[in-house]
Amino acid sequence: MPNASSWSASSPLLLLWEDSSGTRIFLSLLYAVLAISGTLSNVMVIYLVFSFKKLQTTSNAFIVNGCAADLSVCALWMPQEAVLGLLPPNSSSLRSAEYRLLRGGLLGLGLTVSLASHLLVAFNRYVLITKLPSVYQALYQRRHTGCMIGLSWALALLLVPLLPGLWTPGSAQQPPPRQTDGSSRYTALLLALAVLGQTALLLHCYLGIVRRVRGSAKRVSVLNFHLLHQLPFPAAPPPPRRAQRRLSSVSVLLLCCVFLLGTQPLVWVSLLGFFLRPPPPALQAASWLLLCSLSALNPLLYTWRSEEFRRAARSVLPRGEGAAAAPRPAAAADPAAA
């Protein structure tokens, strides 16, 4: 019977081999739902940004980069976990070390680039809101933006092979040797510290934005355009400044809360397992599931308050009688006309 030390993040469905069939089937369905919804939402955001000129901003370039990374998790890794959860525990597919390495590489690559993209978006918005326009234009030239995106993938490709203790553990039926188990613990510690540092930088950027918005009403219109992409129709009167500041602050704080909910459980579970004792496997599995589910929520997290994204989506996926009656070319030209 496997013990807690033989559990790891790259086990099928992030569970012990001995888990009941009902639990494995439930999580297989959960992974299937996350895979389908996450793939559709990430593909939709990428398509809208590439199809509509108004959405092709520097901030959206980093969002698209994160969506591409999230597709590695939602479209490639999650479907495999959903299928493997329905297989018997003694299946040859589950024992293959090469296959576990491939699945772990997809997961590690996608999560690393996705977390880096979160930080790139936050820093981009922080510079835009808190620094002079000349500083922003000098820093975010097209060449520099491309280098930042390329570095996020290069960093992920460099780190994934260096984390064998996390992605390729021993079989649950055959506990890993003491050296491999120690490597896994130190790798989990490094992962937790890296995510914790990234979270601290992200919170610094967004809380700095909130302080600047509250202290300067002159910056509110800039925040609505670049940070939240809320572009009202020209004929619509702007909301009161106090309402704008409150809406902007609530949106930023909500984004931070969702990000913390998805990342921090894994951080503290990993720290607990390193400094005290290994937490229950179910708690470890839940923390990893929250982090992976963030890949399906990221597109909505960055576009749900965007009127421009909603208008672009309505032109691509018409709804209602008015949208159905309108000719397709007119619907496609609607954002430009507005």
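Residues numbered from 1 in each chain as written. Predicted model: local features only at pLDDT ≥ 70, side-chain atom pairs only at ≥ 80, totals over all residues. Heavy atoms only, no water.

(A) Examining the overall build of the chain more closely. Counting secondary structure elements, the chain contains 15 helices and zero strands. Taking all 338 residues of the chain together, the buried fraction comes to 49%. A separation of at least 24 residues holds for 78% of the contacts in the chain among residues at least 6 apart in sequence. With an accessible surface of roughly 17,000 Å², the chain has 69% of that area assigned to carbon and sulfur atoms. (Helix = DSSP H or I, 4+ residues; strand = E, 2+ residues; numbered from the N terminus. Buried < 20%, exposed > 50% of the residue type's maximum accessible area, 1.4 Å probe, protein only. Contact = heavy atoms within 4.5 Å. Areas by Shrake-Rupley, 256 points an atom, 1.4 Å probe, with all protein chains shown as cover.)

(B) Inspection of the UniProt feature "transmembrane region" (unreviewed entry) in the chain at higher detail. The UniProt record annotates "transmembrane region" (unreviewed entry) at residues 25-50, 62-80, 100-123, 144-167, 187-209, 250-276 and 282-304. Across residues 25-50, the secondary structure splits into 100% helix and 0% strand, with the terminal C-alpha atoms separated by 37 Å. Between the C-alpha atoms that bound residues 187-209 the distance is 33 Å, and the span itself is 100% helix and 0% strand. (UniProt positions renumbered as here; feature names shortened; annotations may be inferred.)

(C) Layout of the side chain of S117. You can see S117 is positioned in helix α4 (residues 97-130). Looking at S117, the relative accessible area reads 2%, which means it is buried. Setting aside residues no more than four positions away along its own chain, S117 makes contact with F62, N65 and G66.

(D) Main features of the pattern of salt bridges. Scanning all chains against the criterion turns up four salt bridges. A salt bridge links R314 to E307; the shortest N-O distance between them is 3.3 Å. Judged by its relative accessible area of 45%, R314 is partly exposed. Here E308 makes a salt bridge to R311, at a shortest N to O gap of 3.5 Å. Placement of the pair is E308 and R311 together in helix α12 (residues 307-316), with a separation of three residues, close to one helical turn. (Salt bridge = Lys/Arg side-chain N within 4 Å of Asp/Glu carboxyl O.)

(E) Up close: the packing of aromatic side chains. Per the counting criterion, the structure on display carries four aromatic pairs. Ring plane angle 85 degrees and centroid distance 4.9 Å describe the contact between F274 and F275, whose orientation is recorded as edge-to-face. Of the residues examined, F275 reaches a relative accessible area of 57% and is grouped as exposed. Every member of this aromatic cluster is reached through a ring pair, and the members are F62, Y136 and Y140. (Phe/Tyr/Trp six-rings, centres within 6.5 Å; stacked < 30°, edge-to-face > 60°.)

(F) How the structure looks around α4. In this model α4 runs 49 Å from its N-terminal to its C-terminal C-alpha over 34 residues, within 8% of the 50 Å that 1.5 Å per residue would give. In terms of burial, α4 is largely enclosed, as 26 of its 34 residues are buried. (Expected span 1.5 Å × (residues − 1).)

(G) Main features of the packing of α4 against helix α11 (residues 281-303). Following both chains from N to C, one finds α4 and α11 inclined at 45 degrees, their axes separated by 11 Å at the closest point. Between α4 and α11, the interaxial angle falls into the category oblique. Considering the relative orientation of α4 and α11, their crossing is left-handed. Each of L107, L111, S114, H118, V121 and R125 in α4 lies in contact with α11, whose residues at this interface are W288, L291, C292, L294, S295, N298, L301 and Y302. (Axes fitted to C-alpha atoms, helices over the stretch in contact; angles between N-to-C directions. Parallel < 35°, antiparallel > 145°, perpendicular 65-115°, else oblique. Left-handed = near helix turned anticlockwise from the far one by under 90°.)

(H) Main features of the packing of helix α1 (residues 21-51) against α12. Across the interface, α1 lies against α12 with an axial gap of 10 Å and an inter-helix angle of 95 degrees. Classified by the interaxial angle, the pair formed by α1 and α12 is roughly perpendicular. Of the residues in α12, those touching α1 at V45, Y47, L48 and V49 are F309, A312, A313 and V316. Of the residues belonging to the contact of α1 with α12, the class tally is eight nonpolar, no polar and no charged. (Nonpolar A, V, L, I, M, F, W, Y, C, P; charged D, E, K, R; others polar.)

(I) Looking closely at a nonpolar patch on the surface. A contiguous nonpolar surface patch, about 310 Å² in accessible area, is contributed by I25, L29 and L86. Topologically, I25 is positioned in helix α1. (Patch = residues over 30% accessible without salt bridge, like charges linked within 9 Å, V, L, I, M, F, W, Y side chains within 5 Å.)

(J) Summary view of the nonpolar core. In terms of nonpolar packing, the biggest core is built from 44 residues, with L48, L55, Y206 and Y302 touching the most fellow members. Sorting the residues of this core by element identifies α1, α2 (58-84), α4, α8 (178-215), α10 (241-275), α11 and α12 as the ones contributing at least two each. Per-element tally for this core: the top contributor is α8, with nine residues. Beyond its immediate chain neighbours, meaning those up to four positions away, L48 contacts L55, F309, A312, A313 and V316. Among the nonpolar cores identified, the runner-up in size contains 18 residues, and W77, M78, L111 and L289 belong to it. (Core = buried A, V, L, I, M, F, W, Y, C linked by side-chain atoms within 4.5 Å.)

(K) Molecular detail of α12. With seven of ten residues buried, α12 lies mostly within the body of the structure. Burial in α12 covers these residues: E307, E308, F309, R311, A312, S315 and V316.

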